[in-house]
Amino acid sequence: MSDEAYLVDANNMQLACVSSQALVSHQCTLTQLHAMPLHAVLGMPETELVQWQAQCVKQPSGAPLTTLLLPKADGEKGRRAGDSTKVSFFEAEGRSWMLVMKNSVSRSAMQALDDSESRFQAIVANTPGLVFQFRLLGPGRLGFIYLSEACYAVLGITEAELTKTPSQFYRLMAEEDRPSFREALLTSASEMKVLNWEGRIWIKAWQDTKWINLRGSPIKLHNGEVQWGGIITNITQSKNEKLEIERSRQRMAELSAHLTQVKEQERRRIAREIHDDLGGNLTAIKIGLTSIIKRINPNEPKLVEKALNLESIVDRTFDIVHRIASDLRPDVLELGIVAALEWQCGQFEKQFSLPCRFYSSQTELTVSADEAITLFRICQEAMSNIAKHAKARQVEVELVVEDRDIMLRIVDDGQGIRMQDQHKSNSFGLRGMRERVAALDGSLEVEKRVRGGTAVQVKIPRSLK
């Protein structure tokens, strides 16, 4: 801010002298200023200047100094925004004088202000959303200070309507989303953190529901009120796309669970057919061979040897059939999940000559058929991975019940799984494990242990109490 002083001879309305700040403000010399019309120099309508002259000349001789304080400029022609003017009338040396004092924003400051305003408006005009400023006037009560012209495009009401009746903003929101907005607003005000809220609004003009994101930064004013400035954007398209992706994932998870269930049912059917049909045929062959062997003449050793050979092949085939049927659908599951996992650990130790310790917090654990087969298959897959890749010296399997969850933990002391191995495109074993657990609303974690080795942890909620 600066003061400009102009001394005017009221008798002939000529400038007598001016302050240096007046020359700076007009950016001209005194000679150039004298050449300008007086009303242009003082920045006022010419009619107003004539009235000032008449009032000054009418001052009686010897009258005391009279001062007229004019209000700040309101934008009328000839006066710069931000100016305030004080005019003093007095008589000296037999002449009437006017001393005009102008307290004004400098031209450079005004230009900078205009440039700043222009840039702000350009940014707002090109912002893909509604720029806002509002204050918290009471518990959950808003007062809008500024709304950009995008208000109607985003909210379906004009900025004038919303400024006049801020409560309309709450009425636009879906009823079930209002509590979350109030909570986010009060949390932002108390903790002075960024307000970030997503919710639905009903736009009556378009008879449509839209998703919006409101994001604003809070500041605390000198009177204690909290004010936010930010942007409201229409996120309906991205929200719908996200919801569609989530629905697609849900459908894929349901399909995966269904396929897993179908696969287990098919395994059970094949195992049953192998056991009943192939096993029955092998039993018949075994009985027939035994009968034939008894009737072969002992004096024909070669024939006896061939028959015994065939009997040995049948016995080995019995073992193969039993192993295949067991892989397809372990009969041991009928004895319970604890017994099944204990048997699996024994088979692993027997097959790969690796110590495998099994521990369970309960001797018997009642689970559903889906839970049992999921835990068994995951343990089977984890042990298969250990045998193939871990180079372990020992394995531990734990089955415990924690509150309402069942937890299965398979730990080895091998070289440990690498992070990149968990995300390889062909790591279908791990993916299958995760899909099985997800179908039961459980979780699966695979991590490399600090002391070496890998830990696979499964947690699923119990369906049976």
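Residues numbered from 1 in each chain as written. Predicted model: local features only at pLDDT ≥ 70, side-chain atom pairs only at ≥ 80, totals over all residues. Heavy atoms only, no water.

### Notes on the overall build of the protein
- Scanning the protein from terminus to terminus reveals 15 helices and 15 strands.
- Within the protein, buried positions represent 38% of all 465 residues.
- In the protein, of all internal contacts separated by at least 6 residues, the share reaching a separation of at least 24 is 54%.
- Carbon together with sulfur atoms contributes 53% to the accessible area of the protein, which is approximately 27800 Å² in total. (Helix = DSSP H or I, 4+ residues; strand = E, 2+ residues; numbered from the N terminus. Buried < 20%, exposed > 50% of the residue type's maximum accessible area, 1.4 Å probe, protein only. Contact = heavy atoms within 4.5 Å. Areas by Shrake-Rupley, 256 points an atom, 1.4 Å probe, with all protein chains shown as cover.)

### Points about the nonpolar core
- Core analysis: the biggest nonpolar cluster contains 40 residues, and Ile337, Val397, Leu399, Leu408 and Ile410 have the highest contact counts within it.
- Of all the secondary-structure elements, those providing two or more residues to this core are helix H12 (337–352), strand S11 (356–360), helix H13 (369–390), strand S12 (395–402), strand S13 (405–412), helix H15 (428–439), strand S14 (443–448) and strand S15 (454–461).
- Examining the composition of this core, we find that 10 residues originate from one element, H13, more than from any other.
- Non-local contacts of Leu408, meaning those with residues more than four positions away in its chain, are made with Leu341, Leu375, Cys379, Val397, Glu398, Leu399, Val456, Gln457 and Val458.
- Within the second largest apolar cluster, 28 residues are counted, among which are Leu136, Leu142, Ile157 and Trp228. (Core = buried A, V, L, I, M, F, W, Y, C linked by side-chain atoms within 4.5 Å.)

### A few points about the side chain of Ser360
- Along the chain, Ser360 falls in strand S11.
- In this structure the side chain of Ser360 is engaged in a polar contact, spanning 2.6 Å, whose partner is the backbone oxygen of Gln362.
- Here Leu399 takes part through its backbone oxygen, which lies 3.5 Å from a polar atom of the side chain of Ser360.
- Every residue in contact with Ser360, bar those within four places of it in the chain, is listed here: Val338 and Leu399. (Polar contact = N/O pair within 3.5 Å; in protein donor to acceptor, adjacent residues only side chain to side chain.)

### Observations regarding helix H4 (residues 46–57)
- For H4, which comprises 12 residues, the first-to-last C-alpha distance of 17 Å matches the rise-based estimate of 16 Å (1.5 Å per residue) to within 8%.
- Within H4 the residues assigned to the buried category are Glu48, Leu49, Trp52 and Cys56. All buried residues of H4 fall inside an arc of 100° around its axis, so they share one side. When the buried face of H4 is taken as reference, the exposed residues oriented beyond 90 degrees from it are Glu46, Thr47 and Gln51. (Expected span 1.5 Å × (residues − 1). Arc of directions from axis to C-beta.)

### What about the packing of helix H10 (residues 236–295) against H15?
- Between H10 and H15, the shortest axis-to-axis distance is 9 Å and the interhelical angle comes to 100°. Considering their axes alone, H10 and H15 lie roughly perpendicular with respect to each other. On the side of H10, the interface is formed by Ala253, Ser256, Ala257, Thr260, Lys263, Glu264 and Arg267, while H15 contributes Glu435, Arg436 and Ala439.
- The residue inventory of the contact of H10 with H15, partitioned by class, reads 3 nonpolar, 2 polar and 5 charged. (Axes fitted to C-alpha atoms, helices over the stretch in contact; angles between N-to-C directions. Parallel < 35°, antiparallel > 145°, perpendicular 65-115°, else oblique. Nonpolar A, V, L, I, M, F, W, Y, C, P; charged D, E, K, R; others polar.)

### Notes on the pairing of strand S6 (residues 130–138)
- Note: S6 against strand S10 (residues 226–234), 7 bridges, orientation antiparallel. Looking across to S10, one finds that Leu136 is bridged to Val226.
- Here 6 bridges tie S6 to strand S7 (residues 141–147), and the two strands are oriented antiparallel to one another. In the strand pairing of S7, Phe134 is matched with Phe144.
- Two successive antiparallel strands, S6 and S7, enclose a turn made up of 2 residues, where Gly140 displays a positive phi of approximately 75°. (Pairing = 2+ DSSP bridges.)

### A look at the layout of surface pockets
- Of the voids in this model, the largest pocket is the one considered here, and its volume is about 1200 Å³.
- As for the largest pocket, its lining consists of 39 residues, and the residues nearest its centre are Asp327, Gln344, Arg377, Gln380 and Glu381.
- Listing elements by their share of the lining of the largest pocket, those giving two or more residues are H10, helix H11 (301–328), H12, H13 and H15.
- It is H13 that provides the largest number of residues to the lining of the largest pocket, a total of 10 residues. (1 Å grid on protein atoms, 1.4 Å probe; cavity = no way out; pocket = protein on both sides within 12 Å on 5 of 7 lines; lining within 4 Å. Points joined across faces, edges and corners; volume = space filled by probe spheres on them.)

### Side note on the sheet that holds S13
- Spatially, the 5 strands line up as an open sheet ordered S11-S12-S13-S15-S14, and their pairing is mixed. Edge positions in the sheet fall to S11 and S14, since each of these pairs with one other strand and no more. Averaged over all adjacent pairs, the angle separating strand axes in this sheet is 10°, with direction ignored.
- Sheet topology places S11 next to S12; 5 bridges connect them, and they run parallel. Paired with Cys356 across the two strands is Val395, which belongs to S12.
- Sheet contacts for H12: S11, S12 and S13; angle to S11, the most-contacted strand, approximately 170°.
- Where H15 meets the sheet, its contacts fall on S14 and S15, and the angle it forms with S14 comes to roughly 145°.

### A look at the packing of H12 against H13
- Viewed as axis vectors pointing N to C, H12 and H13 meet at an angle of 15°, and their least axial separation amounts to 10 Å. Taken together, H12 and H13 sit at an angle that is classed as roughly parallel. Viewed along their axes, H12 and H13 form a crossing whose handedness is right-handed. On H13, the residues touching Ile337, Ala340, Leu341, Trp343, Gln344, Cys345, Phe348 and Phe352 of H12 are Ala372, Leu375, Phe376, Cys379, Gln380, Met383, Ile386 and Ala387. (Left-handed = near helix turned anticlockwise from the far one by under 90°.)

### Concerning a nonpolar patch on the surface
- A cluster of nonpolar side chains, namely Met252, Leu255 and Leu259, defines an oily patch on the protein surface of about 300 Å² accessible area.
- Position of Met252 among the secondary structure elements: in helix H10. (Patch = residues over 30% accessible without salt bridge, like charges linked within 9 Å, V, L, I, M, F, W, Y side chains within 5 Å. Salt bridge = Lys/Arg side-chain N within 4 Å of Asp/Glu carboxyl O.)

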